[in-house]
Amino acid sequence: MSAKDAPPPLPEPLLVEVADSHTHLDLQSGTVEEALVKAAAVGVTTVVQVGCDVKGSRWAAETAAAHENVHAAVALHPNEAPRIVLGDPDGWSRQGAREGGGDAALDDALTEIDRLAALPHVRGVGETGLDFFRTGPEGVAAQERSFRAHIEIAKRHGKALVIHDREAHADVLRVLDEEGAPERTVFHCYSGDAEMAEICAAKGYYMSFAGNVTFKNAQPLRDALAVAPLELVLVETDAPFLTPAPFRGRPNAPYLIPVTVRAMAEVRGIGENELAGAIAVNTARAFDY
């Protein structure tokens, strides 16, 4: 294993326990148990395991049922919806190459997400939203239809809505306005600027910051974090992606949350214990656990 692929070392533990509000344990190496033990050793005692397709959402629900400190969110990722409808000839997603199934196939997948969303240990519906980075214009209609359906599912079951918004800020905010956002709405891996943070704050949307807030070129994210109300701020890994500096490019995992929390505390000009305490309360409120 090269140094580049080696897991980063354990950071100094946080003195106040926090939650990783968005992780993908199914994409990380090692077992769930190993990941949870390492995380707990540094003060990360709760994780939200997020599904991106039917298979991953079932796995999230099962994993949350088996572990007291794991909560699940279930959904079709914005890039998954067009693949279900139009097909996935290059097999980019983990399912391999697929034929398009049209709107009927999307309806079937949404029916299964709806079933999973009703389960008690499923605390969120997500990650859903819009992604104009990876999906071209031909996939926009399927994405938006799927997003609207997830909003309805979240509201009907009283679950948090977890949003993936990539290069689609205005459209995501528009759809939330048109449909009426659920009571608890979380912008996962917040990617807007300070101006958008003020819009989210006015609407009571939670903003979850990931390791990319530590990247050199991420000043707009730090500006957003600086103006976001403390009671709406969450932290996440999105592991195995978005590993915080100085470990960028190496595999991310929930145990690296303290690195991001410390960077966030610096941006806010407050102590890490104060920030961790607020994050712990906010995450429990956002996901109703």
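Residues numbered from 1 in each chain as written. Predicted model: local features only at pLDDT ≥ 70, side-chain atom pairs only at ≥ 80, totals over all residues. Heavy atoms only, no water.

(A) Looking closely at the pairing of strand 2 (residues 44-50). For strand 2, a buried count of six out of seven residues is recorded, marking the element as mostly surrounded by other parts of the structure. When strand 1 (residues 18-23) meets strand 2, the two strands line up parallel, connected through four bridges. Looking across to strand 2, one finds that D20 is bridged to V47. Once the chain exits strand 1 it traverses helix 1 (residues 32-41) before rejoining the sheet at strand 2, and the crossover so formed is right-handed. Between the parallel elements strand 2 and strand 3 (residues 70-74), the chain passes through helix 2 (residues 54-66) in a crossover that is right-handed. (Buried < 20%, exposed > 50% of the residue type's maximum accessible area, 1.4 Å probe, protein only. Helix = DSSP H or I, 4+ residues; strand = E, 2+ residues; numbered from the N terminus. Pairing = 2+ DSSP bridges. Right-handed = clockwise from strand over helix to strand, strands pointing away.)

(B) Just the nonpolar core, in detail. Membership of the largest hydrophobic core comes to 82 residues, with the highest contact counts inside it found for F147, L176, F187, Y190 and M264. With six residues, the single largest contributor to this core is helix 4 (residues 102-117). Here M264 is in contact with F209, V213, L225, V233, L234, V235, L275 and I279, once residues within four sequence places are set aside. (Core = buried A, V, L, I, M, F, W, Y, C linked by side-chain atoms within 4.5 Å. Contact = heavy atoms within 4.5 Å.)

(C) Fine view of a negative patch on the surface. On the surface, a cluster of negative charge is made up of D193, E195, E198 and D223. Assignment of secondary structure puts D193 in the loop between strand 8 (185-187) and helix 7 (194-203). Judged by relative accessible area, which is 36%, D193 ranks as partly exposed. (Patch = residues over 30% accessible without salt bridge, like charges linked within 9 Å, V, L, I, M, F, W, Y side chains within 5 Å. Areas by Shrake-Rupley, 256 points an atom, 1.4 Å probe, with all protein chains shown as cover. Salt bridge = Lys/Arg side-chain N within 4 Å of Asp/Glu carboxyl O. Lys, Arg positive; Asp, Glu negative; His and termini not counted. Charge placed at Lys NZ, Arg CZ, Asp CG, Glu CD.)

(D) Focus on unusual backbone geometry. Cis peptide bonds are those with omega within 30 degrees of zero, and the linkage from A239 to P240 qualifies with 10°. In this model, A245 is joined to P246 through a cis peptide bond whose omega is 10°. Examined against the element boundaries, P246 turns out to sit in the loop between strand 10 (233-235) and helix 9 (257-268). Here the phi dihedral of C189 falls at roughly 45°; this positive angle occurs in a residue that is not glycine. Tracing the backbone shows C189 in the loop between strand 8 and helix 7. Residue classification places C189 among the buried residues on the basis of a relative accessible area of 14%.

(E) Fine view of the pattern of salt bridges. Taken as a whole and judged by the stated rule, the model has 17 salt bridges. One salt bridge connects R145 with D103, and the closest N-O pair in it is separated by 3.5 Å. Of this pair, R145 sits in helix 5 (residues 140-157) while D103 is found in helix 4, placing the two residues 42 residues apart along the sequence. The exposure class of R145 is partly exposed, given its relative accessible area of 30%. Residues R148 and E179 are paired through a salt bridge, measuring 2.6 Å at the closest nitrogen-oxygen approach.

(F) Here's a closer look at the packing of aromatic side chains. All chains considered together, the criterion is met by two aromatic pairs. Seen from their ring centres, Y190 and F209 are 5.5 Å apart, and the 50° between their planes marks the pair as tilted. Pair noted here: Y190 is in the loop between strand 8 and helix 7 and F209 is in strand 9 (residues 206-209), with a separation of 19 residues, a long-range link. The pair Y190 / F209 is uniform in exposure class, with both members buried. R166 extends its terminal NZ or CZ atom over the ring of F133, reaching a point 3.6 Å from the ring centre. (Phe/Tyr/Trp six-rings, centres within 6.5 Å; stacked < 30°, edge-to-face > 60°. Lys NZ or Arg CZ within 6 Å of the ring centre and 35° of its normal.)

(G) Quick look at the sheet that holds strand 3. What the eight strands build is an open sheet, ordered 1-2-3-6-7-8-9-10; its pairing is parallel. Of all the strands in the sheet, just strand 1 and strand 10 have a single pairing partner and so form its edges. When the angles between neighbouring strand axes are averaged without regard to direction, this sheet yields 30°. Where strand 9 meets strand 10, three bridges bridge the pair, whose relative direction is parallel. When the bridges of strand 10 are listed, S208 appears paired with L234. Each of strand 1, strand 2, strand 6 (122-131), strand 7 (160-166), strand 8, strand 9 and strand 10 is contacted by helix 10 (residues 272-287), which is oriented at about 95° to strand 10, the strand it contacts most. (Axes fitted to C-alpha atoms, helices over the stretch in contact; angles between N-to-C directions.)

(H) How the structure looks around the layout of surface pockets. Looking at the largest pocket, its volume works out to about 1000 Å³. Secondary structure elements with two or more residues in the lining of the largest pocket: helix 3 (80-86), strand 6, strand 7 and helix 8 (219-227). Considering each element in turn, the lining of the largest pocket owes the most residues, three residues, to strand 7. Split into classes, the residues belonging to the lining of the largest pocket amount to twelve nonpolar, 13 polar and 13 charged. (1 Å grid on protein atoms, 1.4 Å probe; cavity = no way out; pocket = protein on both sides within 12 Å on 5 of 7 lines; lining within 4 Å. Points joined across faces, edges and corners; volume = space filled by probe spheres on them. Nonpolar A, V, L, I, M, F, W, Y, C, P; charged D, E, K, R; others polar.)

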